[in-house]
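Fold and geometry: a report
Residue strings, one per chain:
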Amino acid sequence: MKVELFIPCFIDQMYPDTAFNTVKVLEKAGCTVKYNTAQTCCGQPAFNAGFWDEAKAIGSKFLDDFSADGVIVSPSASCTGMVRSYYNDLFTNTAVHNKCRAVQGNIYELSDFLINILNVDYFGAELEGRAVYHDSCSALRECKIKAEPRQLLEKVHGLELVELPDNETCCGFGGTFAVKFDAISSAMAQQKVDHALSVNADYIISTDASCLLHLQSYIDKQQLPLKTMHIADVLAGGWGNI
């Protein structure tokens with residue numbers, strides 16, 4: 001299958017290895033990956049901050065950068081959720097209404113695409129340790145993703161996957177929320193990390209790099225024995241045995 005890859009600006013600037021690992025995973029699943037180097041952002045930061053005119057301009061560029069009939073895959077439930085759900089507020093009954101609807105129907109978060117479209121859940125990945133999966137708000141509530149990442153992680157050699165207590169609670173990042181309400185945001189991160197430590201986890205794994213950045217920042221500040229990982233990085237690791 002041919003897929004168009006959308007790499008969010010957050011990953012492009014801060015976690016480029018996750019972007020490359022997404023390509024590796026998709027190619028291992030049998031996909032031909034196309035990457036448009038002109039792509040930038042989906043417009044979510046501006047949209048969430050209330051700058052809808054600016055978000056619409058960025059979103060218009062996004063619609064120009066991707067084809068109406070191509071499958072789009074992204075290693076971010078947050079950005080996928082933005083396009084699927086909130087482009088309605090920006091482009092309904094506009095000149096690009098039809099293309100917007102087509103793109104919305106063709107964009108997938110990585111784990112959703114692997115499980116529900118390709119029916120592939122085994123990559124020969126290896127990671128020794130005990131892990132919890134963090135359900136990001138966007139994955140759980142906007143993209144309706146819950147079982148898919150867990151199914152993928154259960155097939156990782158050496159990894160013991162345990163449930164994170166209170167796993168449907170937000171980690172506290174929320175984009176500008178973490179800046180405007182830093183004390184509340186930090187307390188929410190502490191709660192999430194404490195829950196992971198309570199089940200002796202070595203790793204917190206998620207579909208969203210923004211959540212992981214927030215949690216890792218708290219972990220590093222407190223010097224805790226815990227590491228965050230994006231699911232694409234997990235699936236691309238330890239391929240030597242196959």
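Treat the numbers as computed from the prediction; the structure is a model and nothing was measured.

For the rest of this paragraph, the subject is the packing of helix α4 (residues 52–65) against helix α6 (residues 97–106). The contact between α4 and α6 brings their axes to 10 Å, and the two run at 70 degrees. The orientation of α4 with respect to α6, classified from their angle, is roughly perpendicular. Where α4 approaches α6, its residues Phe62, Leu63 and Asp64 are matched on the opposing element by Lys99, Cys100 and Val103. When grouped by side-chain class, the residues that make up the contact of α4 with α6 number four nonpolar, no polar and two charged.

One non-glycine residue with positive phi stands out, namely Lys144, at about 55 degrees. Locating Lys144 in the fold gives a position in the loop between α8 (137–142) and α9 (147–153). The exposure class assigned to Lys144 is exposed, which follows from its relative accessible area of 63%. A positive phi angle, near 60 degrees, is found at Asn200, a position not held by glycine.

So, on to the UniProt feature "domain: Cysteine-rich" (unreviewed entry) in the protein chain. Cross-referencing UniProt, the feature "domain: Cysteine-rich" (unreviewed entry) maps to residues 3–83 and 132–216 in the present numbering. From the first C-alpha to the last, residues 3–83 spans 17 Å; its make-up is 56% helix and 12% strand.

Applying the stated criterion across every chain, the model contains eight salt bridges. The salt bridge partner of Arg130 is Glu160, with a shortest N-O separation of 2.7 Å. Placement of the pair is Arg130 in strand β5 (residues 126–133) and Glu160 in strand β6 (residues 157–162), with a sequence separation of 30 residues. Under the relative-accessibility criterion, Arg130 is labelled partly exposed at 23%. Since its relative accessible area comes to 40%, Glu160 is described here as partly exposed. Between Lys146 and Glu168 there is a salt bridge, with the nearest N and O atoms lying 3.3 Å from each other. Of this pair, Lys146 sits in the loop between α8 and α9 while Glu168 sits in the loop between β6 and α10 (177–180); the two residues are 22 residues apart in sequence, bridging distant segments of the chain. Judged by its relative accessible area of 31%, Lys146 falls in the partly exposed class. Among the residues examined, Glu168 registers a relative accessible area of 38% and is labelled partly exposed. Through salt bridges with shared partners, a single network forms among Asp135, Lys146, Arg150, Glu163 and Glu168.

With that settled, consider the sheet that holds strand β1 (residues 2–5). The pairing of strands in a sheet happens through backbone hydrogen bonds and is either parallel or antiparallel. The four strands lie next to each other as β2-β1-β3-β4, forming an open sheet whose pairing is parallel. In this open sheet, the two edge strands, each paired with only one partner strand, are β2 (32–34) and β4 (107–109). On average, each strand axis in the sheet is tilted by 35 degrees relative to the strand beside it, whichever way the strands run. Of the strand pairs in this sheet, strand β3 (residues 71–74) and β4 are connected by three bridges, and their pairing is parallel. Bridge pairing in β4 links Ser74 to Glu109. Sitting on the sheet, helix α2 (residues 16–28) touches β1, β2 and β3, and the angle it makes with β1 is about 170 degrees.

Let us now look at the nonpolar core. Residues Leu26, Phe113, Leu114, Leu153, Val156, Ile205 and Leu235 are the most contacted members of the largest nonpolar core, which totals 38 residues. Looking at this core, the elements with two or more residues in it are β1, α2, α7 (110–117), β5, α9, β7 (203–206) and α13 (231–235). Apart from residues no more than four positions distant in its own chain, Val156 is found in contact with Ala125, Glu126, Leu127, Val234 and Leu235. By size, the runner-up hydrophobic cluster in this structure holds 18 residues, among which are Phe47, Ile72, Tyr87 and Ile107.

Thresholds, definitions, all that
Numbering of residues begins from 1 in every chain and follows the order in which that chain's sequence is written. For a predicted model such as this one, the threshold for reporting local features is a pLDDT of at least 70, and the threshold for listing and counting side-chain atom pairs is 80 or more; totals across whole chains, interfaces and linings nevertheless cover every residue. Hydrogen atoms and water are omitted, and side-chain values are computed over all heavy atoms in the structure. Every axis in this analysis is a line fitted to C-alpha atoms, fitted for helices over the stretch in contact. Angles between the N-to-C directions lie between 0 and 180 degrees. A run of H or I in DSSP counts as a helix once it spans at least four residues, and a run of E counts as a strand once it spans at least two, with each numbered from the N terminus. Oblique is the label for every angle not falling under 35 degrees (roughly parallel), over 145 degrees (roughly antiparallel), or within 65 to 115 degrees (roughly perpendicular). By definition in these notes, contact holds between two residues if any of their heavy atoms fall within 4.5 Å. Polar here means any residue outside two lists: the nonpolar Ala, Val, Leu, Ile, Met, Phe, Trp, Tyr, Cys and Pro, and the charged Asp, Glu, Lys and Arg; Gly therefore counts as polar. Whether a residue is buried, partly exposed or exposed follows from its accessible area with a 1.4 Å probe, protein chains only, as a fraction of its type maximum: under 20%, in between, or over 50%, in that order. UniProt positions are given in the numbering used here, feature names are shortened, and annotations may be inferred rather than shown by experiment. By definition here, a salt bridge exists when the distance from a side-chain nitrogen of Lys or Arg to a carboxyl oxygen of Asp or Glu is within 4 Å. At least two DSSP bridges between two strands are required for those strands to pair. In plain words, nonpolar cores are sets of buried Ala, Val, Leu, Ile, Met, Phe, Trp, Tyr and Cys residues tied together by side-chain atoms within 4.5 Å.

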